[in-house]
Amino acid sequence: MASRLFGHDLVSTRDLCSEDIISILDTAATMEAMVKSKGITQELSDKLIACLFLEPSTRTRLSFEAAALRLGAKTISVAEASGSSVAKGETLSDTIRVMQGYADCIVMRQPQKGGAAEAAATADIPVINAGDGAGEHPTQALLDLYTIRNEKESLVNLTIAMTGDLKNGRTVHSLTWALAPFAPSFIFCAPAALQMPDEICTALDHAKIMYKKTASLEEAVKADVIYMTRIQRERFLNPEEYDALKGCFVLTRSVIEAHNPGVLVMHPLPRIDEIAPDVDTLPGAAYFRQAHNGMYVRMAILSLLLKK
Amino acid sequence: MASRLFGHDLVSTRDLCSEDIISILDTAATMEAMVKSKGITQELSDKLIACLFLEPSTRTRLSFEAAALRLGAKTISVAEASGSSVAKGETLSDTIRVMQGYADCIVMRQPQKGGAAEAAATADIPVINAGDGAGEHPTQALLDLYTIRNEKESLVNLTIAMTGDLKNGRTVHSLTWALAPFAPSFIFCAPAALQMPDEICTALDHAKIMYKKTASLEEAVKADVIYMTRIQRERFLNPEEYDALKGCFVLTRSVIEAHNPGVLVMHPLPRIDEIAPDVDTLPGAAYFRQAHNGMYVRMAILSLLLKK
Amino acid sequence: MASRLFGHDLVSTRDLCSEDIISILDTAATMEAMVKSKGITQELSDKLIACLFLEPSTRTRLSFEAAALRLGAKTISVAEASGSSVAKGETLSDTIRVMQGYADCIVMRQPQKGGAAEAAATADIPVINAGDGAGEHPTQALLDLYTIRNEKESLVNLTIAMTGDLKNGRTVHSLTWALAPFAPSFIFCAPAALQMPDEICTALDHAKIMYKKTASLEEAVKADVIYMTRIQRERFLNPEEYDALKGCFVLTRSVIEAHNPGVLVMHPLPRIDEIAPDVDTLPGAAYFRQAHNGMYVRMAILSLLLKK
């Protein structure tokens with residue numbers, strides 16, 4: 001029997017009800033078990049997936065391609081926009097109308113917020129948003145949920161700290177929305193200029209979801225989960241301000257051991273220096289497992305959207 | 001039984017007799033039916049196809065890769081020349097002699113007219129020309145024929161108008177040659193400076209094929225088929241001349257509805273603005289179906305050249 | 001039964017004992033026979049190979065991809081560093097830790113000597129070095145051995161001349177080490193400034209392996225095998241010196257016919273002009289067969305490292 005999601009697009013996590021999310025996470029768990037025992041299945045062996053990465057994202061592209069290939073599907077890929085028809089002045093909509101004649105599903109990253117929704121409205125095959133600029137990156141939020149559930153055994157009643165650039169971070173915004181149904185409490189840990197936007201805080205107030213703002217990493221690390229992201233120097237008008245602040249948002253083994261040795265540490269990767277290498281060997285350092293989970297979650301999504 | 005084309009190269013449509021062309025179009029029709037019912041076959045599952053795109057052409061590359069993969073073949077691809085051995089000073093002939101050790105067939109686009117013929121002469125495996133600069137692009141002409149036959153039910157006795165830059169347009173030249181055996185009449189609609197070259201008109205005279213030159217889009221649209229191509233600003237010495245002319249060669253819904261609502265509208269894509277978006281929803285707007293047909297025709301060619 | 005090499009990395013030919021080398025060459029011979037009879041097998045159909053080419057090398061990448069695909073494996077590839085996570089400032093070690101979650105084996109080219117060893121130390125899946133800057137390129141040395149054994153029927157007691165830039169040539173260094181167990185004699189033919197480094201000559205002295213230095217191509221061509229490499233103009237401080245010398249190191253048909261018509265001519269390719277085109281049709285011109293052997297040898301290595 002086809003899933004409820006069969007034939008649908010995945011543009012935003014807001015399109016998914018809790019039942020859909022649980023279905024994706026449960027399917028991802030069966031995919032993880034399959035990969036670990038057999039490596040590759042043939043369940044999508046009659047499908048061809050187009051991976052259109054019109055801005056570079058090696059990690060996400062390879063993760064989607066690996067997911068498709070491990071399901072037995074075929075892949076065709078664009079790994080950069082230069083030289084593509086889009087670069088020759090073609091509209092995104094025309095590109096999509098051509099591609100849907102070649103493929104059974106389009107995975108797309110491109111730089112314009114709303115581009116994935118436009119593509120999904122145009123295409124008569126499923127479109128999966130793999131990042132639309134400042135918009136959404138729903139498979140990242142889903143792999144984050146899968147990781148938290150795996151590591152903490154439940155998604156419910158957790159305190160999640162988010163650290164770094166909370167103002168501009170697409171990842172932390174999506175994860176906040178995705179966690180909302182599961183009775184979370186949040187700690188938003190950032191310099192004042194990079195704190196969580198008011199519109200998100202207001203929405204959390206309306207939903208009676210607890211959150212606290214802080215600039216103290218020591219406080220953030222006491223949560224069940226600390227989700228690290230990068231602070232970019234170029235976000236600061238004043239480089240001295242950045243230099244003064246940056247050390248405050250680098251997670252080290254000594255901070256963890258002093259305040260909460262069991263904390264689960266996550267990061268969407270790539271990291272530059274916001275997690276010290278000595279954290280890597282702690283049992284709670286989940287960021288590489290988190291990256292690996294991306295493949296299982298993407299396998300689940302491809303299977304649920306495409307398998308009759 | 002292997003086809004007449006088994007083991008051959010496809011460098012130019014001039015290498016094909018009418019029987020070959022009909023065989024390709026008929027095979028493409030069975031490929032279209034197969035894709036729509038099953039998605040993917042295994043008929044070339046013992047073959048590996050090298051797609052060497054030494055100048056960028058995302059659409060054509062993806063179409064060939066999809067064609068190969070839907071026949072069960074494997075693909076290896078070069079998506080741009082920079083960084084390739086050719087860029088290191090290797091001759092095209094040496095590149096081909098290496099590649100034929102890896103693959104069972106080479107699909108090649110490169111910028112030098114005659115490059116595909118040189119590669120075909122070098123290789124002892126089939127070479128398919130996917131565009132050799134100002135030379136030929138035979139699979140484009142064949143997908144155009146397939147589209148016309150599909151949409152008009154026959155290739156015979158049609159009036160085909162060609163519009164845009166007829167002087168420099170590789171596509172319209174190839175299509176003119178490819179249609180010649182099917183008793184066509186032509187309308188060549190272009191500004192005087194971009195009209196069909198004399199050598200082609202002379203050849204049509206010799207073959208007693210009727211044609212008319214015009215600069216009136218209203219006249220062109222009265223044909224059975226109007227084949228639009230782009231006029232590039234840089235073809236004009238004088239930008240004012242371009243600005244004065246360009247509006248005359250933009251096909252709109254109102255022109256079609258006023259003069260010939262049933263006209264079949266084709267375009268090799270990508271389009272920039274030479275077909276207005278309001279044309280897209282007319283039943284005769286065939287250009288996206290035409291692009292999709294490219295995959296079926298390429299499947300047919302790969303199968304006929306490679307399947308024992 | 002899994003091979004002795006099962007689960008191992010291949011970073012350097014120095015990691016291989018003679019038994020390993022013979023096992024790889026024998027397996028390559030069965031791969032060559034398989035490709036010539038069946039084209040493709042399914043022996044690695046449950047494996048996914050990541051080809052990370054963080055600096056360009058089209059020939060080597062395509063050869064590895066073709067090898068993997070002809071064994072029934074799936075491939076994901078990075079064809080250039082720009083736009084990859086490494087380009088975003090991620091460490092090689094982090095890249096590898098992410099990739100090992102997607103793939104069953106990593107084939108890697110990158111510009112830092114020692115990078116492959118670092119990746120192998122990090123990864124818990126096999127890593128194959130496809131070139132680490134001025135370091136090693138072990139699959140090139142192995143395909144060279146395979147070619148010599150194929151063409152000369154044995155690896156033992158041969159005189160091998162190496163010509164070109166012996167000072168900087170990674171390929172000739174690796175081949176010298178790889179041949180050492182087989183009782184070779186060497187002729188090192190180069191301008192004095194580009195002769196074989198002292199450390200290699202000293203090691204040969206210790207191993208009591210005979211070698212002679214010369215600048216005479218006529219002398220080199222009298223060996224059983226002449227291995228040509230390119231002399232790069234930029235290696236000379238003084239362009240006139242290059243211009244004076246370069247003709248001395250161009251192998252022509254007339255030199256071969258005058259001195260040793262049966263000599264086996266090899267080259268790692270791409271060649272620029274150091275072998276004249278009129279050599280190509282001589283029976284001893286093995287360089288294209290040598291390139292083709294690369295695929296068989298890489299198939300053997302993938303199979304031995306990955307097949308249970």
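Note that residues are indexed from 1 along each chain, following the sequence as it is written. Chain letters start at A and ligand numbers start at 1, both assigned in the order the entries are written. Local features in this predicted model are restricted to residues of pLDDT 70 or higher, and side-chain atom pairs are both shown and tallied only at a pLDDT of 80 or more, whereas totals for entire chains, interfaces and linings draw on every residue.

Right, let's get into the interface of chain C and chain B. Two residues form a contact once the distance between their C-beta atoms, set from the backbone, is within 7 Å. Contact with chain C, which involves 21 residues of that partner, is made by 20 residues of chain B. For the side of chain C that touches chain B, the elements supplying multiple residues, two or more each, are α2 (58–70) and α11 (287–306) of chain C. Tallying contributions element by element places α2 of chain C first for the side of chain C that touches chain B, with eight residues. Helix and strand definitions follow DSSP, with helices as H or I runs of at least four residues and strands as E runs of at least two, each counted in order from the N terminus.

Residues and elements named next belong to chain B. When DSSP locates at least two bridges between a pair of strands, those strands are taken to pair. Strand order in the open sheet made by the four strands is β2-β1-β3-β4, with parallel pairing throughout. Two strands close off the open sheet at either side, each with one partner strand: β2 (74–78) and β4 (127–132). Taken over all neighbouring pairs, the strand axes of this sheet differ in orientation by 10° on average, direction set aside. Where strand β1 (residues 48–53) lies against strand β3 (residues 105–110), five bridges are found, and the strand directions are parallel. Axis lines are fitted to C-alpha atoms, over the contacting stretch for helices. Their N-to-C directions set the angle, which ranges from 0 to 180 degrees.

Another point: the relation of the copies chain C and chain B. Alignment of copies: least-squares fit on C-alpha atoms of residues with pLDDT of at least 70 in both copies. Laying chain C over chain B is done by rotating through 120° and shifting 0.1 Å along the axis; what remains is an RMSD of 0.1 Å. Such a combination of rotation and displacement between the chain copies is what one expects of a three-fold axis.

Below, the discussion takes up the domain arrangement of chain A. Residue and element names in this part refer to chain A. Domain assignment breaks chain A into domain 1 (13–136 + 294–306) and domain 2 (139–290). Each of domain 1 and domain 2 has a C-alpha centre, and the two are 26 Å apart. Contacts between the two partners involve 15 residues from domain 1, matched on the other side by 13 residues from domain 2. Elements with a minimum of two residues in the side of domain 1 that touches domain 2: α1 (18–37) and α11 (287–306). With five residues, the top contributor of residues to the side of domain 1 that touches domain 2 is α1. Where each domain begins and ends is defined by an automated method or by a domain database.

This paragraph deals with the interface of chain C and chain A. On the side of chain A, 21 residues touch chain C, which itself brings 20 residues to the contact. Secondary structure elements with two or more residues in the side of chain C that touches chain A: β2 (74–78) and α3 (92–99) of chain C.

Our focus in this paragraph is the pairing of strand β5 (residues 159–163) of chain B. Residues and elements named next belong to chain B. For the exposure call, what matters is how many other C-beta atoms sit within 10 Å of a residue's own: 20 or more marks it buried, 12 or fewer exposed, and in between partly exposed, using C-beta atoms placed from the backbone. The buried count for β5 comes to four of five residues, which makes it a mostly enclosed element. Both β5 and strand β6 (residues 185–189) contribute to a ladder of five bridges, which runs parallel. In the strand pairing of β6, T159 is matched with S185. Looking down the strands as they point away from the viewer, one classifies a crossover as right-handed if the path from the first strand across the helix to the second runs clockwise. Running through helix α6 (residues 170–179), the crossover from β5 to the neighbouring parallel element β6 is right-handed. As defined by bridge partners, β5 adjoins strand β8 (residues 225–228) across four bridges and the pair is classed as parallel. Counterpart to M162 in the pairing with β8 is Y227.

Residue and element names in this part refer to chain A. Pairing is parallel in the open sheet, where four strands are placed in the order β2-β1-β3-β4. Of all the strands in the sheet, just β2 (74–78) and β4 (127–132) have a single pairing partner and so form its edges. Between one strand axis and the next, the sheet turns through 10° on average, direction left out of account. Alignment of strand β1 (residues 48–53) against β2, held across five bridges, turns out to be parallel. Bridge pairing links L52 to V78 in β2.

Right, let's talk about α1 of chain A for a bit. Residue and element names in this part refer to chain A. By this rule the span expected of a helix is its residue count minus one, scaled by 1.5 Å. The end-to-end C-alpha distance of α1, which contains 20 residues, comes to 29 Å, matching closely the 28 Å that a straight helix rising 1.5 Å per residue would cover. Residues of α1 that are buried sit in contact with α2 (58–70), α5 (138–152) and α11. Phi turns positive one or two residues past the end of α1, at G39, with a value near 90°.

With that settled, consider unusual backbone geometry. What you tend to see is this: most non-glycine residues have negative phi, and most peptide bonds are trans. Residues and elements named next belong to chain B. In this structure, P270 follows L269 across a cis peptide bond, with omega equal to -5°. Phi angles above zero are rare outside glycine, and E153 is one such case at about 70°. As for its placement among the helices and strands, E153 is situated in the loop between α5 (138–152) and β5.

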